[in-house]
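# Structural description and commentary
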Amino acid sequence: MARRSARIKSKVVPVKGNWDVLPHGMGVLPTLVSQPANSITPNGQPSSVKPIAKDVQVNQSEIKNSKSETPAPQPEAISATILDSSAEVPGCNLEDSHQVPSEDTIPAASPEVAQIIKEEVEHLDGALTLRRSKRIHAQVKVDEHGTAEKQAPPKKRKHVDVQVKIEAKVEVEAEVKDEAKAAAASEALPKKPKRIPRKTKDNPYGLMPGRSPFPDWQAPSAAQCEEVYQMLAEVHGDVNFKQPATIPAPSLEVAGCGEVPFVLEALLRTLLSGAVTFDGADHMVKAIIAKYGIIQDELAKGSIDWNKVRLSTVEELEQTIHIGGLAKVKAKAIKGTLDMVYQDNIDRRNAYLVEKATGVPATIYGASEKTQGQKDLEMLKTDRNILSLDHLHGLSADEAMRQFTKFPGIGVKTAACVILFCLQRPCFAVDTHVHRFSRWLGWAPPKADENDTFFHLEVRCPDPFKYGLHQLFIHHGKQCGRCKMSTVEGTKDWEAVVCPLEHLLVRAKKMTKVQKKAKVDKTGDVVPVDESDSELSDLDEALFEEM
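Procedures and definitions
Residues numbered from 1 in each chain as written. Predicted model: local features only at pLDDT ≥ 70, side-chain atom pairs only at ≥ 80, totals over all residues. Heavy atoms only, no water. Helix = DSSP H or I, 4+ residues; strand = E, 2+ residues; numbered from the N terminus. Buried < 20%, exposed > 50% of the residue type's maximum accessible area, 1.4 Å probe, protein only. Contact = heavy atoms within 4.5 Å. Areas by Shrake-Rupley, 256 points an atom, 1.4 Å probe, with all protein chains shown as cover. Salt bridge = Lys/Arg side-chain N within 4 Å of Asp/Glu carboxyl O. Polar contact = N/O pair within 3.5 Å; in protein donor to acceptor, adjacent residues only side chain to side chain. Phe/Tyr/Trp six-rings, centres within 6.5 Å; stacked < 30°, edge-to-face > 60°. Expected span 1.5 Å × (residues − 1). pLDDT = per-residue confidence, 0-100. Axes fitted to C-alpha atoms, helices over the stretch in contact; angles between N-to-C directions. Parallel < 35°, antiparallel > 145°, perpendicular 65-115°, else oblique. Nonpolar A, V, L, I, M, F, W, Y, C, P; charged D, E, K, R; others polar. Left-handed = near helix turned anticlockwise from the far one by under 90°. Core = buried A, V, L, I, M, F, W, Y, C linked by side-chain atoms within 4.5 Å. Patch = residues over 30% accessible without salt bridge, like charges linked within 9 Å, V, L, I, M, F, W, Y side chains within 5 Å. Lys, Arg positive; Asp, Glu negative; His and termini not counted. Charge placed at Lys NZ, Arg CZ, Asp CG, Glu CD.

Let us look at the overall build of the protein chain. Scanning the protein chain for helices and strands turns up 20 helices and 4 strands. The buried share of the protein chain, reckoned over its 547 residues, is 39%. Long-range contacts, defined as pairs at least 24 residues apart, comprise 69% of the intrachain contacts of the protein chain with a sequence gap of at least 6. Here the protein chain has roughly 33300 Å² of accessible surface; of this, 55% comes from carbon and sulfur atoms.

In this section: the pattern of salt bridges. Tallying each qualifying case throughout the model produces 17 salt bridges. Here Asp305 ties to Lys308 by a salt bridge, and the two come within 4.0 Å at their closest N and O atoms. By relative accessible area, Asp305 is classed as buried at 15%. With relative accessibility at 46%, the residue Lys308 sits in the partly exposed group. The salt bridge partner of Glu450 is Lys413, with a shortest N-O separation of 3.0 Å. In this pair, Glu450 sits in helix H17 (residues 450–460) while Lys413 sits in helix H15 (residues 412–421), placing the two residues 37 residues apart along the sequence.

Along the chain, Glu378 turns up in helix H13 (residues 372–383). Within polar-contact distance, the side chain of Glu378 engages the side chain of Tyr352 at 3.5 Å.

This model, assessed by the stated rule, comprises 6 aromatic pairs. Measuring from centroid to centroid gives 5.7 Å for Phe421 and Tyr467, while their planes differ by 70°, and the two rings are edge-to-face. Within this pair, whereas Phe421 is found in helix H15, its partner Tyr467 is found in helix H18 (residues 466–479), the two being separated by 46 residues in sequence. Under the relative-accessibility criterion, Phe421 is labelled buried at 5%.

Looking now at H17. Burial analysis of H17 places 9 of its 11 residues in the buried class, the great majority of the element. Every buried residue of H17 is listed here: Glu450, Asn451, Asp452, Thr453, Phe454, Phe455, His456, Leu457 and Glu458. For H17, the capping residue at the N-terminal end is Asp449, with a side-chain oxygen 3.4 Å from the backbone nitrogen of Asn451.

Further remarks concern H13. The end-to-end C-alpha separation of H13 is 17 Å, in line with the 16 Å expected for 12 residues at 1.5 Å each. Tucked inside the fold, the buried residues of H13 contact helix H12 (327–358). Directly beyond the C-terminal end of H13, a positive phi value near 60° is found at Asn385.

Turning our attention to the confidence of the model for the protein chain. Of all residues in the protein chain, 62% attain a pLDDT of 70 or more, and the chain-wide mean is 74. Confidence drops under pLDDT 50 across residues 32–103; counting only partners more than four residues distant or on other chains, this segment forms 106 contacts.

Between helix H16 (residues 432–440) and H18, whose axes approach to 8 Å, the crossing angle comes to 90°. In terms of orientation, H16 and H18 fall into the roughly perpendicular class. Contacts from His433, Val434, Arg436 and Phe437 in H16 reach His470, Phe473, Ile474, His476, Gly477 and Lys478 in H18. Looking at the contact of H16 with H18 residue by residue, the class counts come to 4 nonpolar, 4 polar and 2 charged.

Moving on, we come to the environment of Gly442. Take Gly442: it is sitting in the loop between H16 and H17. Given the relative accessible area of 25%, Gly442 is considered partly exposed. Along the chain, Gly442 and Arg507 lie 65 residues apart, while their C-alpha atoms are 9.9 Å from each other. Sequence-distant contacts of Gly442, that is, excluding residues within four places in its chain, are made with Trp217 and Ala219.

In the contact formed by helix H8 (residues 263–273) and helix H9 (residues 278–292), the axes pass within 8 Å of each other and the chain directions differ by 130°. As summarised for this structure, H8 and H9 are arranged oblique, according to the angle between their axes. Considering the relative orientation of H8 and H9, their crossing is right-handed. Contact residues: H8 offers Arg269, Leu272 and Ser273, while H9 offers Ala281, Met284, Val285 and Ile288. Of the residues contributing to the contact of H8 with H9, the split by class is 5 nonpolar, 1 polar and 1 charged.

This part takes up the nonpolar core. The biggest cluster of nonpolar side chains holds 82 residues, and the ones touching the most others in it are Trp306, Ile334, Phe404, Trp443, Leu469 and Phe473. Broken down by element, this core gets its largest block of residues, 8 residues, from H15. For Trp306, the residues in contact, after removing those within four places along its chain, are Leu264, Glu265, Leu268, Ile334, Leu338 and Leu387.

On the surface, Glu167, Glu171, Glu175, Asp178 and Glu179 cluster together to form a negatively charged patch. You can see Glu171 is positioned in helix H6 (residues 162–188). Owing to a relative accessible area of 53%, Glu171 belongs among the exposed residues under this scheme.

What follows covers unusual backbone geometry. Residue Pro220 is reached from Ala219 by a cis peptide bond, and omega for that bond is -5°. Along the polypeptide, Pro220 turns up in the loop between H6 and helix H7 (222–235). Positive phi, close to 65°, is recorded for Ala275, a residue that is not glycine. Within the secondary structure, Ala275 sits in the loop between H8 and H9.

Quick look at the side chain of Gln403 now. Topologically, Gln403 is positioned in helix H14 (residues 397–404). On the accessibility criterion, Gln403 (13% relative accessible area) is buried. In contact with Gln403, not counting residues within four places along its chain, are Tyr365, Leu392 and Leu395.

Below is the structure:
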């Protein structure tokens with residue numbers, strides 16, 4: 001079966017009628033004057049149009065002149081003119097449009113007429129075939145000779161100028177090059193080392209043995225330390241600024257700051273001395289001795305019976321030492337420390353017993369450096385309920401600092417005093433007086449705290465001067481009217497005193513007695529601070545963590 005389009009084509013009826021009418025309302029096809037005598041008709045029949053007479057001649061020069069003098073005719077006018085002229089031509093009959101001419105029936109026109117027809121057809125082709133949009137945009141420009149020429153419509157202007165695009169591209173390329181150079185330069189430079197935090201879970205106090213927190217701070221030099229030491233030693237000749245060969249037995253009247261032979265006793269007495277006057281610390285020690293007694297055993301004769309203190313309650317201990325201030329904080333720290341020491345003594349005793357039974361060396365801390373006699377002494381003390389830390393006697397200053405700061409309430413300041421006075425290791429313990437003189441002398445930065453000052457002086461100060469300078473700074477800070485914390489420049493006390501270090505000191509802003517206020521802890525207890533009678537007038541930061 002034939003497709004639908006083929007069926008439609010097969011049924012198309014040929015169009016009959018005049019061919020001078022164009023489809024789609026495009027107008028009438030003009031009939032030229034040069035049309036042959038026999039017109040072409042759709043049905044192929046010869047037309048009755050008569051041939052043009054041979055004697056018809058047109059003056060070409062007149063036609064050319066008329067074209068130059070008159071503007072180009074419109075297509076409709078041309079069509080009408082040609083149709084009218086065709087009616088005058090003999091043998092030209094357009095009414096008969098059903099005859100189709102053949103090649104034999106079409107006569108040849110004269111050369112002159114053919115030339116005229118050719119020019120007219122070319123002009124008509126340009127006028128009739130030009131689309132509406134082209135006609136609208138086309139502009140006819142007539143020059144001085146009268147000839148018309150087409151001018152192309154102007155192109156749409158681009159939104160962005162080409163020169164602007166080029167400049168933007170150049171700027172982007174320059175920025176990319178600069179970034180590449182900067183990246184290359186940064187890679188060439190040594191990278192800044194990543195900051196390692198000092199205070200961690202395993203190192204809560206930021207201990208840094210052998211290193212200073214201020215590596216670029218060159219003071220004090222060995223010569224500066226010796227100079228200050230000699231000046232103060234000449235003024236305060238009565239001060240025992242040299243370390244004793246033997247440590248005296250514990251005093252029943254004076255708390256002290258670690259000047260006792262038993263490590264645990266030194267540690268807890270120093271803790272009691274923190275942030276109070278010497279009188280306040282002495283009262284607390286006397287109250288503990290009266291409540292819990294002292295050990296009469298030769299293994300720890302004269303020491304407080306710390307095991308009885310451990311067995312008491314925190315509230316009972318707090319009530320006992322309430323006279324000295326900060327009782328609640330210190331009672332809690334002492335009880336926590338005693339519980340840890342007791343458990344450590346039990347563990348060490350059991351490890352030594354296993355070593356004796358099996359012959360396998362004990363792996364507890366410091367066991368490999370102990371003799372058998374020292375191990376037996378430790379076990380004997382534990383059996384007699386004598387709490388002890390005497391096995392730490394042989395440690396270096398740095399290792400002892402790590403061990404002491406494990407206990408609650410024991411910070412860098414307390415541990416440094418025990419190392420200096422009890423273990424007799426070179427250690428520049430920094431209290432409030434040492435801290436003040438270190439800043440005034442320029443040995444530490446003005447904003448350095450006590451712990452950072454301690455770490456710095458441990459590195460910068462020679463070992464032979466650490467004990468003497470510590471003692472001399474404390475004594476001079478209590479006695480000199482110009483070096484007390486509460487001194488005021490211009491007063492009678494100020495003018496009456498001549499400080500041997502005056503030419504070396506750059507004092508900070510002074511504090512008057514009116515400005516000075518009493519310290520109060522969180523429990524409401526007043527902290528008595530009298531720097532003229534207190535060596536450790538500031539509270540160890542470890543105790544603040546317990547509050």
